[in-house]
Amino acid sequence: ALRANRGWHMLLNSALNRSRAGADTLGMLEGAWTGRPVVVVGAGPSLDRNIRDLIPARATVRLVACDGALGTLARHDLAPDLIVSTDDTEKVWRYFARLPESFSSIPVACVLQSAWPVVRHHAGPILFGRGQSPGELLLAEDFPVFDSGLCVGHAAFEAALLSGGSPLILIGFDLGYAGDRFHPEDMAVPYYHENPPPKSN
């Protein structure tokens, strides 16, 4: 049953990540940026053209970034205040592999089933929350609940909401496709053509 629903993979991540889980949890983020504007940076193709609007505002906002947006942010020398990485596949580590040294100390918000190479190799703090999978309910009872949804964009928005930031501003959230592209050009795993969008979109 676990293999049929990919649960074996998430359970393995949870077991491997548990050794690094400690006092750092998403609870540390609660209310941390109350009343400050927070920009949530998604990994949609519109980020390629809208990133320039973010550059002059960087000094006055907090940035919460989806891991798929890191390449674009790095190319424009925009280090986020928080990275969110909730996918359970190993390819996610490539989002982190070529980042500048300045990104290595940025906290990463995860769930216990997040890709273990990210948790294992990222030098900065890992802030764990408890997702909704059966494995996390069993293995992560001491972590705060993190409504990570079914995509990292949802998780990044929830992290910004937890921070108490106001207003919350979304950039790079297309909520649809632009031709055959559904990620920015600098995404480290450009799989634009693997999952063609349905014609109804």
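Bear in mind the structure is a predicted one, so any value in this text is a computation, not a measurement.

Quick notes on the rules
- Residues numbered from 1 in each chain as written.
- Predicted model: local features only at pLDDT ≥ 70, side-chain atom pairs only at ≥ 80, totals over all residues.
- Heavy atoms only, no water.
- Helix = DSSP H or I, 4+ residues; strand = E, 2+ residues; numbered from the N terminus.
- Buried < 20%, exposed > 50% of the residue type's maximum accessible area, 1.4 Å probe, protein only.
- Contact = heavy atoms within 4.5 Å.
- Areas by Shrake-Rupley, 256 points an atom, 1.4 Å probe, with all protein chains shown as cover.
- Disulfide = S-S within 2.5 Å.
- 1 Å grid on protein atoms, 1.4 Å probe; cavity = no way out; pocket = protein on both sides within 12 Å on 5 of 7 lines; lining within 4 Å.
- Points joined across faces, edges and corners; volume = space filled by probe spheres on them.
- Nonpolar A, V, L, I, M, F, W, Y, C, P; charged D, E, K, R; others polar.
- Salt bridge = Lys/Arg side-chain N within 4 Å of Asp/Glu carboxyl O.
- Arc of directions from axis to C-beta.
- Polar contact = N/O pair within 3.5 Å; in protein donor to acceptor, adjacent residues only side chain to side chain.

Peer 1: Can you walk me through the overall build of the chain in this structure?
Peer 2: Of regular secondary structure, the chain possesses 7 helices and 6 strands. Put simply, the chain runs from its N terminus to its C terminus through helices and strands in the order α-β-α-β-α-β-α-β-α-β-α-α-β. Classification of the 201 residues of the chain by burial places 48% in the buried group. For the chain, long-range pairs separated by at least 24 residues make up 65% of all intrachain contacts whose partners lie at least 6 apart in sequence. Of the roughly 10000 Å² of accessible surface on the chain, 55% is carried by carbon and sulfur atoms.

Peer 1: Is there a simple way to explain the state of the cysteines in this structure?
Peer 2: Should the sulfur atoms of two cysteines be covalently bonded, the bond is a disulfide. Under the defined criterion, the tally for this structure stands at 0 disulfides. Cysteine 66 supplies the cysteine sulfur nearest to cysteine 151, a cysteine that is in no disulfide, at a spacing of 7.3 Å. On the basis of relative accessibility, which here comes to 41%, the residue cysteine 151 falls in the partly exposed class.

Peer 1: Hey, could you run me through the layout of surface pockets in this one?
Peer 2: Rolled over the atoms, a probe as big as a water molecule pinpoints where empty space is left. For the second largest pocket, the calculated volume is near 230 Å³. As for the second largest pocket, its lining consists of 14 residues, and the residues nearest its centre are Arg94, Tyr95, Arg98, Asp186 and Ala188. Of all the elements in the fold, those that place two or more residues in the lining of the second largest pocket are α3 (70–75) and α4 (94–97). In the lining of the second largest pocket, the residues fall into 8 nonpolar, 2 polar and 4 charged.

Peer 1: I keep staring at the pattern of salt bridges and nothing clicks. Help me out?
Peer 2: Counted by the stated rule, this structure contains 3 salt bridges. Residue arginine 58 pairs with aspartate 81 through a salt bridge whose shortest N-O separation is 3.1 Å. Of the two residues, arginine 58 sits in the loop between α2 (47–54) and β2 (62–66) while aspartate 81 sits in the loop between α3 and β3 (82–84), which places them 23 residues apart along the sequence. Among the ionic pairs, arginine 75 bridges to aspartate 186, the shortest N-O distance being 2.4 Å. Here arginine 75, found in helix α3, pairs with aspartate 186, found in the segment after β6 (168–171); they are 111 residues apart in sequence, far enough to count as distant.

Peer 1: Just checking my understanding: could you explain α2 for this structure?
Peer 2: Counting along an α-helix, one turn takes 3.6 residues, and residues three or four places apart therefore face a common direction. For α2, the full list of buried residues reads Leu47, Asp48, Ile51 and Leu54. Buried positions in α2, seen along its axis, are confined to an arc of 90 degrees and lie on one side of it. Of the exposed residues in α2, those oriented more than 90 degrees away from the buried face are Arg49, Arg52 and Asp53. Buried residues belonging to α2 abut β1 (38–41), β2, α3 and β6.

Peer 1: Can you walk me through the environment of serine 19 in this structure?
Peer 2: Tracing the backbone shows serine 19 in the loop between α1 (7–17) and β1. For the pair serine 19 and arginine 120, spaced 101 residues apart in sequence, the C-alpha to C-alpha distance is 9.4 Å. One polar contact links the side chain of serine 19 to the main-chain carbonyl oxygen of leucine 16, over a distance of 3.2 Å.

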